[in-house]
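# Per-entry structural report
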Amino acid sequence: MALTSVSFPLSLTSAFLSLTPSYPLLTLHYYHLSLLTGGRSLVFSALQVCSASQAPSHRLLYHCLLPLLSCSGTSLMDTVPTTLIDRDRTTEKDTLIEQLMNSDFSNPVACMHALQLARDEGSVRVLPLLCRRLVTHPFSSISSPAASLAGRIMADKKVSSDLARELLPFLSGAGNRYPELLSTTQRLADVPSPAPPQSSSSHPLQFTSQVQAVTRLWFLAEVHDLCRNSCSDWLCGRVLARLSLSELSDLLQNPDIPKGLLEACVSHGLEVSLSSSSQTPHPLLQASSARLLDQLVQSQGPGDPSLLPPLLWLLLAQEVLSLPPLNEAAVSSVLAAITGGLQQRDSTLLLQTSMDCLSLALSLREIQSGIDDAWLATTVPLVVALAKGSTAEAGKADGSSSQQLHSALTHSPTHSLSPSLRLHTGTALLSLARLPSLHATCLIPPLLLSPGSQSPSEQVLDQALLEGEVLQQYMARSNTVGWLDRAQFEERWMQLLGVVNQPPPAEGMPVEEMYAHTLNMCIGLVGVVSLLLATSLCPQPGNPVFGVPLHTHRNRDILFLGTKPGRRLRKVRSVVETQLLLQCGARPDIYSHYQCPLLSHLSLPLFTRNVERGPGGTELGPAQLSLKSLWPVTLANPTSPARHSPDGVDVRSCVLSLVDLFSHWLGQPLHPLLLLHTLRAILMLSDLFSLPSQFQWMLELACDLSDKQPPEDVALHAILMQCILKAGAVLKVDAVQLERIVRSTERALSSDSLEVQDGCLCGLLYVVEDPGSQLAAHLAAPLAKYLPPQLESFHRLSEQHCTLCWSLAVSLALHHSHLLKDAEFPGQLLEKAIPLFLHPHTSPLLFHSLCFGLELLVLNFTLSNEQRSKVTNVTAGRCAKCELDKVLPALGLLLSCMYSGEQGNYVNEDEETEAAVEMSVLTREYVGILVEHLRHSPLEGVRFLVGVVPVVMVDFLPPVQVLQMVVTEFVSPHQPRPSLAAIVMGETFSLVLGKNMGDTLTDCGPTVSGQFRSTGAREKGSLVFSVLLAAASSSSILRAMLEVVADQPNMCLHICKFSLATTSFYFCSNPSVKPSSKRCL
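Within any chain, residue numbers begin from 1 and follow the written order of that chain's sequence. For this predicted model, a pLDDT threshold of at least 70 governs which residues receive local features, and a threshold of 80 or more governs which side-chain atom pairs are given and counted, while totals over whole chains, interfaces and linings are taken from all residues. Side-chain calculation: all heavy atoms of the structure are included, whereas hydrogens and water are not.

### Structural notes on the overall build of the protein chain
Helix and strand counts for the protein chain come out as 53 helices and two strands. Taking all 1081 residues of the protein chain together, the buried fraction comes to 56%. Contacts are assigned to residue pairs with any non-hydrogen atoms lying within 4.5 Å of each other. Long-range pairs, those at least 24 residues apart, make up 73% of the contacts in the protein chain with a sequence separation of at least 6. For the protein chain, the exposed area adds up to about 45,400 Å²; of that, 54% sits on carbon and sulfur atoms. Only DSSP runs of H or I reaching four residues or more are called helices, and only runs of E reaching two or more are called strands; each is numbered from the N terminus. Remark: exposure states derive from per-residue accessible area (1.4 Å probe, protein chains only) relative to the maximum for the residue type, with buried under 20%, exposed over 50%, and partly exposed in between. Values of accessible area rely on a 1.4 Å probe in the Shrake-Rupley scheme; residue burial ignores everything except the protein chains shown.

Following this line, the structure appears as structure tokens:
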């Protein structure tokens, strides 16, 4: 649209005219643009030169210009090369017509030959050629003359009713375009004509529905050709995402579609569905899933092993997106395909994929309901044999399926397997053990179930759990397999409660018996706490195979994200965050079901994790829940109803009974080991507390024990400090308790034990989260003195200690900087963090924490302008040099610095002030760093940058500089990846045109032309204007196909054809509108 008002300068016109003899494709694009702006004389002169030449390049230029002539109101027939037609006049007419009926009319010249022949002949025998082949052609410049000629022949010649009835089916689809021809044919065939549709006026610049249909059909054919040939599956999947559900269904039904494309469609459809705010899955996911299930059902058996990778993505989508359940036929086919994949022992990758599919499938209720004994008898021996490193056949395995699985769980997968295959095999065994028909047997301790024996009764099991070794085996099974429903939870709760309800060992008991009794109670205590904590697993309580512990962040709302630069930051920052999550959970070969928690995080807002927690972390760590998540159930509503998990488990009553039990225990002397396990259980259960009195009890208990226990017991004091500080942060403590907590904290921070310091730091994370905390006000100064030296000594401290110190320091600077006597604390913090940030051997987890903490400081404007500039410069240098696993967090920090810093003040500013010019120089430097990664870093790790670089350039640089930079980068002879550069160029052109900056294209013309005349860059000139036309097109499919075409060896010809076809469709649909006023671009 913006190009229609462009008038090219004389210098650019002269440059193109000088390139005409040597570079006809470049000239073609220039003539195309000239035609849009009213310069038809250039097109006529080009046709005169090319029609008299026999050079292949000029003939190609001539063929491509033919469809454009009808757009300008010129008769196409007047320009047909008669010399070419003369060559066909030596052939018999009937033979020539028969040959043309079977010709490929994708070439406009072949259509011109057929039209001229029909015009010369003018008899009834050319009607089949006209009606079958030419009237239905997508180019109106060809179909319109053919329809007119066919109508004249039918009016002037005698046409039989049989011939008319034979032609009628071919004209039914063109009835909307040429109703008069259809009506004449129906009259000659003695077929009654339907009532004509009521005419409705439409805007002259709008596409008609018929032209839209022809355009999309033409694109579908092109997409099919690209997907069937050498184009990469990843790019084809991105193109197919632009089509509708019906078009995708028709396209994927074609048997010529490569098998790898189906996997790309399902995976990309899942990614788009997760990133979309819509509640329904993307059409690409729906169509590809339906096609995959059809192929599985049609296979009637184990099927094609190549269907397992897309099946893995489909099952992952079923788990994460909660799609409609599979029908019975699909369930049977999925189970058969998984069994067939487990039999492919010659491919480790296929076995891993089969194991992942098995684990995911068994988590779906509709698939569990379709499992029968026959399938278990076939599949379980296959998995068991693989776990044991055996090649035994399924029919030769000894024992029932449950006994075989029980034996395999007793002996972990053999070390003869590869580490990755061993992990997936173990997970598949646990998934099988969670089936209702196998679950009860798999929970039995191995000491109570020998091969060939019957399962023990419930009474025998309860009695045997009083023995330490049996209890230990039972707990190992229980914690790894989990529970299925409320009834199983309550049954296991009563069993373990019977173990921990034993009286503590008496003082006069023999040492060996006392130790055994104490150890037995400790094991039971760990088991009962684990059972309760499993109720908070997300998204499946009680399922340790797929569930992860609940995690809530402590970060405050970032007000900057609501501003205009902040909204722009969120757009590019979310791309980096998505790539970071996928990178953290990706296997080197293929995604697996271990990404379920990570994929569910894609829908979460930005900056919703804690600083000390790595991206995509799924482990149970210290300070797992924020203070804000503990307040609603303790202070805001002390009489809140009982907490229930989604399965209806009454967690509150269970916690109350354990608190009563622990109070009874702690009222008498306990063995040190039992005391340690009891305090650890209280600390872990405090995440499930629902009453303020429970936190008050924990505070008083921990304070009393902290004063009584010897300082040498560092493990006990580390737990006590977490209990004290966590309860003190939740409650409003009085002055006496406040002084007592401050004294204990200072003593812990000065301890020689790093374990005690770490326990204190974990508790302090709760304290500093509350900006109005009196406890934090008393501890701010000691912490400001303690933290900087700890960060300075990072080389001799553990990774966990450094991460906790950095997280606490960031929270202190964000929430309590006004309480610090030393106003330079943020500066001191920055001085200590930068060496750690620049150190080459900093661990990835600590590096992620450093970047995320600095990002929070920058976005909350805690640092001064000078400090922010320093962070920006250091981050830019680190991005240019750091390893691939550290590029993403550093890039996120750099983007936050740019959008929130001084550069953010000049986003999309048109005034060329001195400050704006300086910022543009810095931005070009930062963009150059990203471009270097696009050039040389591994492709899979930096492909996402094609969506980041154009947005950053358009946001920060003047439009002319944007176009100069992107074109210069593409035509550079040192560009090793021209396809990615072309995609970046297309995205940039789209953004520039979308912001109504079309005048900048004219300003950039001389610079672009100069780049074309440089040595080694001329051959890329036509591609630049092809990308420009594709990016400016109103067709979203054409813009998406730019990525595919840029990946082809002959991408110039492909893009040329696409852009010319789009223009031809539009012009031919509106012949009454002048070319200079049409908005086809």
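### Considerations on the packing of aromatic side chains
By convention, a stacked pair of Phe, Tyr or Trp rings (six-membered ring in the case of Trp) has centres within 6.5 Å and planes under 30 degrees apart, an edge-to-face pair has planes over 60 apart, and any other such pair is tilted. All chains considered together, the criterion is met by seven aromatic pairs. Arranged with centres 5.2 Å apart and planes meeting at 80°, the rings of Phe689 and Phe695 form a pair that is edge-to-face. Lysine NZ or arginine CZ positioned within 6 Å of the ring centre and within 35 degrees of the ring normal marks a charge as sitting over the ring. Directly above the aromatic system of Phe852 lies the positively charged group of Arg609, at a separation of 4.2 Å from the ring centroid. The side chain of Lys886 reaches across the aromatic face of Phe847, ending 5.4 Å from its centre.

### Overview of the nonpolar core
As used here, the term nonpolar core means buried Ala, Val, Leu, Ile, Met, Phe, Trp, Tyr and Cys residues forming a set that is joined through side-chain atoms within 4.5 Å. In terms of nonpolar packing, the biggest core is built from 178 residues, with Leu764, Trp806 and Tyr899 touching the most fellow members. In this structure, Ala337, Leu350, Met355 and Leu438 belong to the second largest nonpolar core, which totals 61 residues.

### Focus on the state of the cysteines
Cysteine sulfur atoms that pair up within 2.5 Å are treated as a disulfide. Going through the model one piece at a time under the given rule, you end up with zero disulfides. With no disulfide partner, Cys723 has as its closest neighbouring cysteine sulfur the one in Cys703, 9.9 Å distant. In this model Cys802 remains outside any disulfide bridge; the closest cysteine sulfur is found in Cys805, 6.6 Å from its own.

### Description of helix H8 (residues 127-134)
Most of H8 is tucked away, with six of its eight residues classed as buried. Listed in full, the buried residues belonging to H8 are Leu127, Pro128, Leu129, Leu130, Cys131 and Leu134.

### Some remarks on the environment of Leu235
The topology assignment puts Leu235 in helix H13 (residues 233-240). The exposure class assigned to Leu235 is buried, which follows from its relative accessible area of 5%. Along the sequence, Leu235 and Ala264 sit 29 residues apart, while their C-alpha atoms lie 8.6 Å from each other.

### Looking at the packing of helix H21 (residues 373-387) against helix H23 (residues 419-433)
Contact geometry of H21 with H23 gives a least axis separation of 10 Å together with a crossing angle of 145°. Helix-helix and strand crossings are classified by hand; for H21 and H23 the assignment is left-handed. Between H21 and H23, the residues in contact are Trp375, Val380, Val383, Val384, Leu386 and Ala387 and Leu421, Thr425, Ala428, Leu429 and Leu432, respectively. Classification convention: Asp, Glu, Lys, Arg as charged; Ala, Val, Leu, Ile, Met, Phe, Trp, Tyr, Cys, Pro as nonpolar; all other residues, Gly among them, as polar. Taken together, the residues of the contact of H21 with H23 sort by class into 10 nonpolar, one polar and no charged. Where helices are involved, their axes are fitted lines through C-alpha atoms of the stretch in contact, as for all axes, and angles between N-to-C directions lie from 0 to 180°. Less than a right angle of anticlockwise turn of the near helix away from the far helix marks a crossing as left-handed, whereas a clockwise turn marks it as right-handed.

### Looking at the pattern of salt bridges
Salt bridges are defined by distance alone: a side-chain nitrogen of Lys or Arg within 4 Å of a carboxyl oxygen of Asp or Glu. Taken as a whole and assessed by the stated rule, the structure comprises 13 salt bridges. Note that Arg568 is salt-bridged to Asp955, the shortest N-O span being 3.2 Å. With a gap of 387 residues between them, Arg568 in helix H29 (residues 564-585) and Asp955 in helix H47 (residues 949-956) connect regions that are remote in the sequence. Residue class for Arg568 comes out partly exposed when judged on its relative accessible area of 21%. The exposure class assigned to Asp955 is buried, which follows from its relative accessible area of 3%. One salt bridge in this structure joins Lys726 and Asp687, with 2.5 Å as the shortest N-O distance. One end of the pair, Lys726, is in helix H36 (residues 714-730); the other, Asp687, is in the loop between helix H34 (672-685) and helix H35 (692-708), and 39 residues separate them in sequence.

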